[in-house]
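What follows is each chain in one-letter form.
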Amino acid sequence: MALRRLLIAAALAAAAPPAAAFYLPGLAPVNFCEPGKEKPECQSGIELFVNRLDSVESVLPYEYTAFDFCQAEGKKRPSENLGQVLFGERIEPSPYRFTFNKEETCKPVCTKTYDTKKPEDKQKLDFLKKSMLLNYQHHWIVDNMPVTWCYDVEDGQRFCNPGFPIGCYITEDGRPKDACVINSEFHEKDTFYIFNHVDIKIYYHVVENEALGARLVAAKLEPKSYKHTHPENPDCSGVPMDISNKANGEVKIAYTYSVTFHEEKNIRWASRWDYILESMPHTHIQWFSIMNSLVIVLFLSGMVAMIMLRTLHKDIARYNQMDSTEDAQEEFGWKLVHGDIFRPPRKGMLLSVFLGSGTQILIMTFVTLFFACLGFLSPANRGALMTCAVVLWVLLGTPAGYVAARFYKSFGGEKWKTNVLLTSFLCPGIVFADFFIMNLILWGEGSSAAIPFGTLVAILALWFCISVPLTFIGAYFGFKKNAIEHPVRTNQIPRQIPEQSFYTKPLPGIIMGGILPFGCIFIQLFFILNSIWSHQMYYMFGFLFLVFIILVITCSEATILLCYFHLCAEDYHWQWRSFLTSGFTAVYFLIYAIHYFFSKLQITGTASTILYFGYTMIMVLIFFLFTGTIGFFACFWFVTKIYSVVKVD
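Residues numbered from 1 in each chain as written. Predicted model: local features only at pLDDT ≥ 70, side-chain atom pairs only at ≥ 80, totals over all residues. Heavy atoms only, no water.

1. Considering the overall build of the protein
Here's step 1: Scanning the protein for helices and strands turns up 17 helices and 17 strands.
Here's step 2: Once local pairs closer than 6 in sequence are excluded, the contacts in the protein between residues at least 24 apart make up 78%.
Here's step 3: On the protein, roughly 30,200 Å² of surface is accessible, and the fraction owed to carbon and sulfur atoms is 61%.
Here's step 4: Here the protein contributes 54 positive and 56 negative side-chain charges, whose respective centroids are spaced 6 Å apart. (Helix = DSSP H or I, 4+ residues; strand = E, 2+ residues; numbered from the N terminus. Contact = heavy atoms within 4.5 Å. Areas by Shrake-Rupley, 256 points an atom, 1.4 Å probe, with all protein chains shown as cover. Lys, Arg positive; Asp, Glu negative; His and termini not counted. Charge placed at Lys NZ, Arg CZ, Asp CG, Glu CD.)

2. Section: unusual backbone geometry
Here's step 1: Located in the positive-phi region is Asn144, a residue other than glycine, with phi close to 65 degrees.
Here's step 2: Here Asn144 shows up in the loop between β7 (140–142) and β8 (145–146).
Here's step 3: At Asp178, a position not held by glycine, the phi torsion is positive, near 50 degrees.
Here's step 4: Within the element layout of this structure, Asp178 appears in the loop between β12 (167–170) and β13 (191–194).
Here's step 5: Among the residues examined, Asp178 registers a relative accessible area of 31% and is labelled partly exposed. (Buried < 20%, exposed > 50% of the residue type's maximum accessible area, 1.4 Å probe, protein only.)

3. Some remarks on the packing of helix α7 (residues 348–373) against helix α15 (residues 575–583)
Here's step 1: Where α7 meets α15, the axes come as close as 11 Å, and the angle between the chain directions of the two elements is 40 degrees. Taken together, α7 and α15 sit at an angle that is classed as oblique. As α7 runs across α15, the sense of the crossing is left-handed. Note on element contacts: α15 touches α7 through Gln575, Trp576 and Phe579, opposite Leu350, Leu351, Phe354 and Leu355.
Here's step 2: Partitioning the contact of α7 with α15 into residue classes produces 6 nonpolar, 1 polar and no charged. (Axes fitted to C-alpha atoms, helices over the stretch in contact; angles between N-to-C directions. Parallel < 35°, antiparallel > 145°, perpendicular 65-115°, else oblique. Left-handed = near helix turned anticlockwise from the far one by under 90°. Nonpolar A, V, L, I, M, F, W, Y, C, P; charged D, E, K, R; others polar.)

4. Details of the pattern of salt bridges
Pairing is possible between side chains that carry opposite charge, provided their charged atoms lie close to one another.
Here's step 1: All chains considered together, the criterion is met by 19 salt bridges.
Here's step 2: A salt bridge links Asp126 to Lys122; the nearest nitrogen and oxygen atoms lie 3.2 Å apart. Taken together, the positions of Asp126 and Lys122, both in helix α3 (residues 119–133) and 4 residues apart, correspond to about one turn of that helix.
Here's step 3: Lys227 serves as the salt-bridge partner of Asp242, at 2.9 Å between the closest nitrogen and oxygen. You can see Asp242 sitting in strand β16 (residues 242–244) and its partner Lys227 sitting in the loop between β15 (214–224) and β16, a full 15 residues away along the chain.
Here's step 4: The class of Asp242 is partly exposed, set by a relative accessible area of 26%. (Salt bridge = Lys/Arg side-chain N within 4 Å of Asp/Glu carboxyl O.)

5. Digging into the sheet that holds β7
Here's step 1: In spatial order, the strands read β4-β1-β7-β8; together these 4 strands make up an open sheet with antiparallel pairing. With partners counted over all chains shown, the strands left at the sheet margins are β4 (92–99) and β8, one partner each.
Here's step 2: Note: strand β1 (residues 45–50) against β7, 3 bridges, orientation antiparallel. Pairing of Val50 across the sheet is with Trp140, part of β7. (Pairing = 2+ DSSP bridges.)

6. Section: the nonpolar core
Most often, soluble globular proteins keep nonpolar side chains buried together rather than apart.
Here's step 1: If you look at the biggest cluster of nonpolar residues, it comprises 174 residues, and the most contacted ones within it are Phe98, Leu128, Trp140, Trp334 and Val639.
Here's step 2: Ranked by residues supplied to this core, first place goes to helix α17 (residues 606–644) with 18 residues.
Here's step 3: Within the second largest apolar cluster, 6 residues are counted, among which are Ala405, Tyr408, Val420 and Phe479. (Core = buried A, V, L, I, M, F, W, Y, C linked by side-chain atoms within 4.5 Å.)

7. Digging into the packing of aromatic side chains
Here's step 1: Going through the model one piece at a time under the given rule, you end up with 65 aromatic pairs.
Here's step 2: Where Trp140 meets Phe164, the ring centres are 5.0 Å apart and the plane angle is 90 degrees; that geometry is what we call edge-to-face. With Trp140 in strand β7 and Phe164 in strand β11 (residues 164–165), this pair connects stretches of sequence that are 24 residues apart.
Here's step 3: Phe164 sits in the buried class, given a relative accessible area of 2%.
Here's step 4: Here Phe407 and Phe633 contribute two aromatic rings whose centre-to-centre distance is 5.8 Å and whose plane-to-plane angle is 45 degrees, an arrangement assigned as tilted. A residue pair is termed long-range when its members are at least 10 positions apart, and Phe407 in helix α9 (residues 397–410) and Phe633 in helix α17 qualify at 226 residues.
Here's step 5: When its relative accessible area of 6% is taken as the criterion, Phe407 is described as buried.
Here's step 6: An aromatic cluster is built from Phe366, Phe370, Phe371, Phe376, Phe545, Phe548, Phe589, Phe623 and Phe626, whose rings are joined through pairwise contacts.
Here's step 7: The aromatic ring of Tyr203 is capped on one face by Lys220, whose charged end is 5.3 Å from the ring centroid. (Phe/Tyr/Trp six-rings, centres within 6.5 Å; stacked < 30°, edge-to-face > 60°. Lys NZ or Arg CZ within 6 Å of the ring centre and 35° of its normal.)

8. A few points about the confidence of the model for the protein
Detailed reading of the predicted coordinates is not advisable wherever pLDDT falls low.
Here's step 1: This prediction gives the protein a mean pLDDT of 87; 92% of its residues lie at or above 70.
Here's step 2: Note on residues 1–26: pLDDT under 50 across the span, and 44 contacts to partners over four residues away in sequence or across chains. (pLDDT = per-residue confidence, 0-100.)

9. A closer look at the packing of helix α12 (residues 506–513) against helix α13 (residues 515–533)
Between two packed helices, what matters for the description is the angle formed by their axes and the separation of those axes.
Here's step 1: Put simply, α12 and α13 touch, their axes get as near as 5 Å, and they point 15 degrees apart. Between α12 and α13, the angle is such that the two are roughly parallel. Contact with α12, carried on its side by Ile511, Met512 and Gly513, involves Ile515, Leu516 and Pro517 of α13 and no other residues of that element.
Here's step 2: Class assignment for the residues of the contact of α12 with α13 results in 5 nonpolar, 1 polar and no charged.

10. Concerning a nonpolar patch on the surface
Here's step 1: Residues Phe366, Phe370, Phe371, Leu374, Phe376, Ile549 and Ile553 make up a contiguous nonpolar surface patch of about 560 Å² in total accessible area.
Here's step 2: The set of elements that each furnish at least two residues to the nonpolar patch consists of α7 and α14 (541–568).
Here's step 3: Considering every element that reaches the nonpolar patch, the biggest residue donor is α7, with 3 residues.
Here's step 4: Its place among the elements puts Leu374 in the loop between α7 and α8 (384–395).
Here's step 5: Looking at Leu374, the relative accessible area reads 43%, which means it is partly exposed. (Patch = residues over 30% accessible without salt bridge, like charges linked within 9 Å, V, L, I, M, F, W, Y side chains within 5 Å.)

11. Concerning the pairing of β15
Here's step 1: Most of β15 sits inside the fold, with 8 of its 11 residues counted as buried.
Here's step 2: As judged from the 10 bridges shared by strand β14 (residues 197–206) and β15, these two strands associate in the antiparallel manner. The residue of β15 that forms the bridge with Ile200 is Leu221.

12. Overview of the state of the cysteines
Here's step 1: Counting across every chain of the model gives 5 disulfides.
Here's step 2: The side chain of Cys70 participates in a disulfide bridge whose partner is Cys110; the two sulfur atoms lie 1.9 Å from each other. On the sign convention where negative means left-handed, the S-S torsion of about -80 degrees between Cys70 and Cys110 marks this disulfide as left-handed. With Cys70 in the loop between β3 (58–62) and α2 (82–86) and Cys110 in strand β5 (residues 104–115), this residue pair connects regions lying 40 residues apart in the sequence.
Here's step 3: The buried category is assigned to Cys70, whose relative accessible area is 3%.
Here's step 4: The disulfide partner of Cys168 is Cys180, and the S-S distance across this bridge is 2.0 Å. Here the disulfide of Cys168 and Cys180 is right-handed, its torsion about the S-S bond being about 90 degrees. Of the two residues, Cys168 sits in strand β12 while Cys180 sits in the loop between β12 and β13, which places them 12 residues apart along the sequence.
Here's step 5: For Cys180, a relative accessible area of 2% gives the class buried. (Disulfide = S-S within 2.5 Å.)

This is how it looks when you write it as structure tokens:
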């Protein structure tokens with residue numbers, strides 16, 4: 001129970017901005033008061049911001065201005081951080097403005113008129129129809145909180161969606177798609193219904209010290225559709241706003257809103273995100289995932305402990321008791337290969353470069369998740385997670401260069417310049433090239449996720465001007481140090497490896513080695529993929545941090561176990577095999593991502609499919625380097641340890 005309480009606390013710490021005693025920069029509460037009672041610390045105007053629109057049926061998000069909705073004239077856009085730009089978030093001011101505690105009913109915002117005979121108008125209307133067909137969702141923000149659309153789902157649960165659809169479509173055979181099921185009046189075949197009216201409810205909590213005013217704790221809305229017969233003086237009643245797929249002539253869409261204010265005594269400002277996060281599905285599955293992972297870890301730990309304590313202890317005692325030369329002739333098992341165990345591997349340059357990049361990713365992931373657990377990277381702090389990860393990756397060039405140089409030197413390599421350049425450019429270059437190609441596709445499609453040219457230049461500047469010099473500094477210190485001292489000498493003539501059985505051959509061992517680490521993470525992987533592709537909030541960083549620790553332990557133990565079996569079979573090529581054994585987890589990740597694409601997502605269109613697999617390949621490469629590095633370090637420690645306690649002539 002203590003573990004459970006600790007994890008829930010960590011998850012909620014990451015989910016909600018901290019309580020009144022401690023506010024993160026930019027996340028301090030804003031106080032609101034009624035008109036005429038304004039003070040410097042208390043304002044009456046409430047601004048509504050709009051974010052990019054996205055869909056679960058397409059990977060391409062579009063900014064609000066790409067659609068022909070009501071625009072805010074002459075208002076300045078809030079600035080975005082690096083993480084928001086990379087994720088394609090484009091927050092803009094909206095024409096919807098409220099005054100605290102002043103209720104409005106059916107207030108007109110603007111009216112859009114389309115003449116289908118004009119190509120420009122027809123194009124705008126077709127884009128609107130296409131976005132309704134693909135179920136594109138608005139994302140609105142009030143006081144840094146998502147405006148949610150709450151509705152009942154199965155099992156009496158209530159789900160609060162931080163977005164709401166533009167509209168919906170009734171198919172040619174009369175079947176309602178997506179949100180059209182909410183209203184029985186949506187029944188015309190081959191017709192689109194646009195949600196041109198919203199009923200907004202804003203909930204506030206009066207601060208104990210009433211002089212400060214009130215704080216907003218929730219904003220909910222209900223999308224509705226009305227065919228306003230008098231757009232200048234709408235009454236929000238009558239039939240829904242339908243747009244026939246074959247509509248000709250003039251189409252008028254009037255946008256309106258109503259807003260009401262409600263006092264909420266039970267919700268504090270610090271816990272105002274809880275109602276959204278609690279409605280998110282499947283916390284109990286997370287517990288199943290953790291238990292499942294812990295069982296695998298206990299099983300592996302038991303196996304490793306048995307080998308370490310019983311078999312190895314027995315082996316070492318027996319080897320060290322062999323004093324007579326006759327006994328020494330009968331050496332067997334892993335002691336036989338002591339003269340070859342530290343023989344440099346083939347392609348040592350590439351392995352050392354992978355280890356350098358893997359170390360960079362490993363430290364970056366650990367620090368990012370640690371900060372996320374403390375609540376610094378909560379959903380309220382938009383784009384913070386990605387910004388933190390990118391900045392850390394740039395600053396961690398030094399350990400990458402150092403590790404790559406140290407191991408390359410211990411493998412007997414002398415081309416240090418090539419080593420440093422490859423560490424700086426090989427893996428980051430592959431990721432950037434993939435990223436750039438994906439960006440070209442997004443540019444071509446006019447999506448808001450396309451990164452502006454200026455940001456691309458900024459990323460390149462971070463890489464070339466900060467990361468690369470830091471990698472060179474790390475490599476300088478790595479090459480300056482003496483090579484890693486091994487506990488046993490390497491023979492001049494390599495030993496012949498005997499014929500291996502099927503199970504001790506490299507490929508079966510590598511394939512088996514990735515199964516157990518993947519078994520620990522696959523449930524968590526489902527939630528992470530959901531948050532990326534199905535636009536759900538991810539906030540369970542407490543769970544994720546625990547799964548990360550379990551993954552590190554599982555990769556280490558699985559690799560050590562298989563490494564021991566191979567050494568007993570007198571096969572001393574452990575370096576690449578240890579890297580690939582745990583790195584093969586990434587192949588299972590790729591297979592799962594393909595399964596997820598076909599079974600869980602409804603993505604349509606060539607561009608979206610290419611983007612999905614393009615971004616997935618970046619994740620797979622990062623995961624391969626990360627898990628492979630864990631496996632190599634675990635095996636390196638194990639081999640150094642066991643050969644340092646054996647007496648060798």
